[in-house]
Amino acid sequence: MDNKCETVKLSYTVHRYSSYSANYLPENILINKPSDQLSRWFTDSSTPCQYILLKLENPAIVESITFGKYIKAHVSDLKKFQILGGTDENNLSLLLKAGLKKDNSTETFTLRHRTSEGLFFPVQYIKIVPLQSWGPAYNYTIWYVELNGKNQEDFVNNALETISLRKEEEAVRILLKHLRRRRYKDAFEALTRESGVQLEGPMQGRLWNALVENGDYELAEQIFEEAANSGELDWYLSWQPYTPEWKQLVPCSSVVEERLYSGDTSPPPHARAQDLSCADRQPQIDPLEANGVEAGGVDGAVGGAGCVRGPGGDGESAGGGEAAASPCLLRPVPRGGHQLVVDPNTGLLYLFGGWNGEEDLDDLWSFDPSTESWRLLCLHSGAVGGPSPRSCHKMVFDPVHEKLYTLGRYLDNVQRVPENMKCELYSYSVREGVWRVSCEDTAAAGGPRLVFDHQMCLDASEQTIYVFGGRVLPANTEELSSPQYSGLFSYHIESNVWRSLEPEPPHPAPPHRVSHSMLFHPVQRRLYMFAGQRNKEQLVDMWWWDCEEAPPRPHALCTAPPRAPPPQGFTQRATIDPHTDEIHVLSGMSKEKDKCVYNTLWVFSLRRMTWSCLYRNDSVEPSEPRPRFAHQFVYDPVRKVHYLFGGNPGLTSSPRLRLDDLWSLRLHRAGCGGVRAKARAALREARYRELAAAPERAPAALHYLRHALSEAIDHSSSLQVAHFQKLATVLFSGRTSPDEDELLYGSEAAGAGTGRPLDVGRVRTLRRRRAAARRDAYHADLPRALLSVLGTDEPLVEPSPFEDECPSPEPAEEPRDSRSNETWETRAARIRLYDRLCRYFRPSAVPPADDIQNLVHL
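No experiment lies behind these values; they were computed from the predicted model shown.

Conventions adopted
Residues numbered from 1 in each chain as written. Predicted model: local features only at pLDDT ≥ 70, side-chain atom pairs only at ≥ 80, totals over all residues. Heavy atoms only, no water. Salt bridge = Lys/Arg side-chain N within 4 Å of Asp/Glu carboxyl O. Helix = DSSP H or I, 4+ residues; strand = E, 2+ residues; numbered from the N terminus. Buried < 20%, exposed > 50% of the residue type's maximum accessible area, 1.4 Å probe, protein only. Pairing = 2+ DSSP bridges. Axes fitted to C-alpha atoms, helices over the stretch in contact; angles between N-to-C directions. Contact = heavy atoms within 4.5 Å. Phe/Tyr/Trp six-rings, centres within 6.5 Å; stacked < 30°, edge-to-face > 60°. pLDDT = per-residue confidence, 0-100. Parallel < 35°, antiparallel > 145°, perpendicular 65-115°, else oblique. Left-handed = near helix turned anticlockwise from the far one by under 90°. Patch = residues over 30% accessible without salt bridge, like charges linked within 9 Å, V, L, I, M, F, W, Y side chains within 5 Å. Areas by Shrake-Rupley, 256 points an atom, 1.4 Å probe, with all protein chains shown as cover.

For the rest of this paragraph, the subject is the pattern of salt bridges. All chains considered together, the criterion is met by 33 salt bridges. The closest approach of N and O atoms between E402 and R431, which form a salt bridge, is 3.5 Å. With E402 in the loop between β16 (394-398) and β17 (403-407) and R431 in the loop between β18 (425-429) and β19 (434-439), this pair connects stretches of sequence that are 29 residues apart. When its relative accessible area of 24% is taken as the criterion, E402 is described as partly exposed. A single salt-bridge network, built from bridges that share partners, covers E117, R166, E169, E170 and R173.

On to the sheet that holds strand β38 (residues 659-668). Reading across from one edge, β11-β38-β37-β36 is the order of the four strands in this open sheet, with antiparallel pairing throughout. Edge positions in the sheet fall to β11 (243-250) and β36 (632-636), since each of these pairs with one other strand and no more. The average undirected angle you get between the axes of adjacent strands in this sheet is 25°. Note that β36 and strand β37 (residues 641-647) share five bridges and pair antiparallel. Along β37, the bridge assignment pairs D636 with V641.

This next bit is on the sheet that holds strand β24 (residues 488-492). Spatial ordering of the open sheet is given by β21-β22-β24-β25, a layout of four strands whose pairing is antiparallel. Looking at strand neighbours, the two that pair on one side only are β21 (455-459) and β25 (497-500), the edges of this open sheet. Direction aside, neighbouring strands of the sheet carry axes that sit 20° apart on average. The sheet contact formed by β24 and β25 spans four bridges and is antiparallel. Paired with S490 across the two strands is R499, which belongs to β25.

Attention now goes to the environment of G646. For G646, the location among the structural elements is in strand β37. Placed 18 residues apart in sequence, G646 and R628 show a C-alpha to C-alpha distance of 8.3 Å. Setting aside anything within four residues of it in sequence, one finds G646 in contact with R335, H338, R628, H631, L659 and D661.

Our next topic: the environment of T115. With respect to the helices, strands and loops of the structure, T115 is situated in the loop between β7 (107-110) and β8 (123-133). Sequence separation of T115 and I163 is 48 residues, and the distance between their C-alpha atoms is 9.2 Å. Filtering out sequence-adjacent residues up to four positions away, T115 remains in contact with F121 and I163.

Attention now moves to the packing of aromatic side chains. Under the counting rule described, the total for this entry stands at 26 aromatic pairs. Consider the rings of F67 and F109, whose centres lie 6.2 Å apart with planes at 75°: the pair is edge-to-face. Of this pair, F67 sits in strand β4 (residues 52-68) while F109 sits in strand β7, and the two are 42 residues apart along the sequence. Both residues of the pair, F67 and F109, count as buried. With a centroid separation of 5.0 Å and 75° between ring planes, the pair formed by F120 and F155 is classed as edge-to-face.

Note that the residue after A550, namely P551, is joined by a cis bond; omega there is -5°. Of note, P551 is situated in the loop between β28 (537-546) and β29 (554-558). With a phi close to 60°, A137 is a non-glycine residue in the positive phi region. Of note, the phi angle at A630 is positive, near 60°, even though the residue is not glycine.

When pLDDT is averaged along the chain, the result is 84, and 82% of the positions lie at 70 or above. Here residues 283-325 scores under 50 on pLDDT; set against residues more than four positions off or in separate chains, the count is 133 contacts. Long-range and interchain partners of residues 792-807, a stretch whose pLDDT sits below 50, account for 23 contacts in this model, where long-range means more than four residues apart.

Next up on the list: the pairing of strand β26 (residues 517-521). For β26, the buried fraction is high: five of the five residues fall into the buried class. Alternating residues of β26 divide into S517, L519 and H521 and M518 and F520, and every residue in both groups is buried. In this sheet, strand β27 (residues 526-534) lies alongside β26 in antiparallel orientation, the contact comprising five bridges. Bridge pairing in β27 links S517 to F530. The antiparallel hairpin formed by β26 and β27 contains four residues in its connecting segment, where R525 sits at a positive phi of about 55°.

The N-to-C vectors of helix α3 (residues 202-213) and helix α4 (residues 217-229) enclose an angle of 165°; their axes lie 8 Å apart at closest approach. Of the possible angle classes, the one that applies to α3 and α4 is roughly antiparallel. Regarding α3 and α4, the two cross each other, and that crossing is left-handed. Side by side, α3 and α4 meet where M203, R206, L207, A210 and L211 of the first sit next to Y217, L219, A220, I223, E226 and A227 of the second.

Turning our eyes to something else, we now look at a nonpolar patch on the surface. Together, Y17, Y20 and L25 line one region of the surface with nonpolar side chains, adding up to about 250 Å² of accessible area. Inspection of the secondary structure assignment puts L25 in the loop between β2 (12-17) and β3 (41-42).

Our next topic: the pairing of β36. Along a regular strand, successive side chains alternate from one face of the sheet to the other. Counting buried positions along β36 gives five out of five residues, so the element sits mostly inside the fold. Taking every second residue as pointing to the same face, both faces of β36 are buried, with Q632, V634 and D636 on one and F633 and Y635 on the other. Where β36 folds back onto β37 in an antiparallel hairpin, the turn is made up of four residues, including K640, whose phi is positive at roughly 55°.

Right, here's the structure in full:
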């Protein structure tokens, strides 16, 4: 339904505010006057309690907030702020915590407008809370605020009803949790039957009955094992951090190793004036930047190529015996700006082209990870009907027909002659070992012009290639001074038809760009595109296209920096795992002035919409690849392994140097084996403590400790062994609850609300104690009451209307049933253990974490 509703500008009024100075009224934020220094809200204090509360005309789904600024950076602008929202001004939820840049550019931020379950979250009140200004101890300024979202009545009413139903469901689940823990069995069953709400999943319900109600630890252990085998722990495991494991498959050649430490003997090539830059080629200072001309460049364009390349080769092809015997043909030469793809069927890698520091290449190689060996497929592709030497191109592999497809390239200024400006689409059949031209001129056929630094993806099931972005190679001086970027195109392989997929206005569309990443999700059948650069603007956004739509229409997943985004860098490489719905991003060169080279691996979860940093390397380590950029980073989704090849180490002493090493990367998560071991040990320790609590069962407890519990302990862990040795003291102390030395299985979950339920006798006891407390309070407040009678400001303490003024006489307090207390203490310990085991399951399958007693304020 959200796809049918258009995002519009939302009207609002200033509902409340903390303060304002002079004529800087809060209502000034309604009007955008960037040149008027008086058109702003300016607080009269910098204390933390400053705020401004906005009220929408009607509840709406507020998707983004835009802050206008003055024409010059201002010291009172908000360096840090937070935004809250809700339908009740006294009950607001956090929607954003961010800060404005110290500049004069308008900034837009995406607000949290969905719940953790993905439900739309309507609000009517937006509260902006300044936290810090750019100037020390300065008051806060807001110049202009614009809200955008969906306010269609039917859509918002549906969202409000959905949220109300969800709150009602959660309230019932909290009630059910309370009733079951107090053994209000009839009330629990009645509420479950009448509401239709289930407290937990079937597996978790069986675990509760076995562990808490019946104390059958063996059955509870079997049920947990069954849950692990059926995938019930997958959600918990998906949140565990990855551990990267690098392996060097092919080291750098001896020539590269020598140059890494000795440097180049010849000076680097000089950048050619009025030429495009290309980070995959030469990391030199771009002369265009000094002249104010944008340098597109591969993955963030940081240097000009600057040199005239020689011919691509002598026309000889690989495959002869003499060629195979040549040492230089045993492995690819060092390079950057190349392409590397994976055949998911066989696991083979295919490498084509690139820039070796002096000239472009057109050789084609394959690598077999099982034998860790390279094989030359074609030495000079351009001589046998294939693509000419090139770099900054893109390539995809079709696993259905076992073909490679490559498109685009970078050309120096002197090579941009009419006969070279056509954009061909080439294919290479792995089965036949033959290059072919699939399309001689893509622009003439309705596709892109000759581009470089673009992105290309393949939908194998539909035999469709998608191409987006890239810098269009200029055909004249006018196009050189006014950069052109390519849009989104599709190419159907079987019909040989190109189509432009640019959306019709007024639909929003991502800006055309370079230095971006684009990935195809074969399960969701979506294209994901994020980051990049346009002119000199660094873009930090994320978009997706649904390939089931005709034509695919772009949807903004994130139009502002997401929480903890990866650092913006040149030549970023991205892969996607369709099984875990995760995007992996390996950065290259920093975009800061120092142009430092480092490799940082980030993972973005499409399920949780969160970033996490797994790996960072900015130094040379023997067990890890050297930091680099202009490399290739690809992923085999079948074998779950990444491959990294080549690139530029960014050494000022060796600007021509490229790398030729190959690495594999596997990401390991803690498996369910560790969770099973923890759960098994926790269950057996709890069973042992129950046996040890009864003196007559001490022999059985000792036998259980020496055999069953000992088997569940990891005797290679000094912590677990030390804890296990201390468990023998429980036999003599008789304690049933874990002591302060409990180190094995994590801290105890909060055991709130695990006591005995109310009955007639306990209600009488509560009434008696309450009446006694009230009498004591009256005696203590008699002096204050007298002062009230004499006319002071002290209030007169009156009886609470809830209390009985004359409580009926009650018999003495009932004697405690020690056996009953012991039973409830044992039950409370089992409930705490159950709560700990629930941490390993999806939250929707276990009782809610909230306790109804915590909602009662006395």
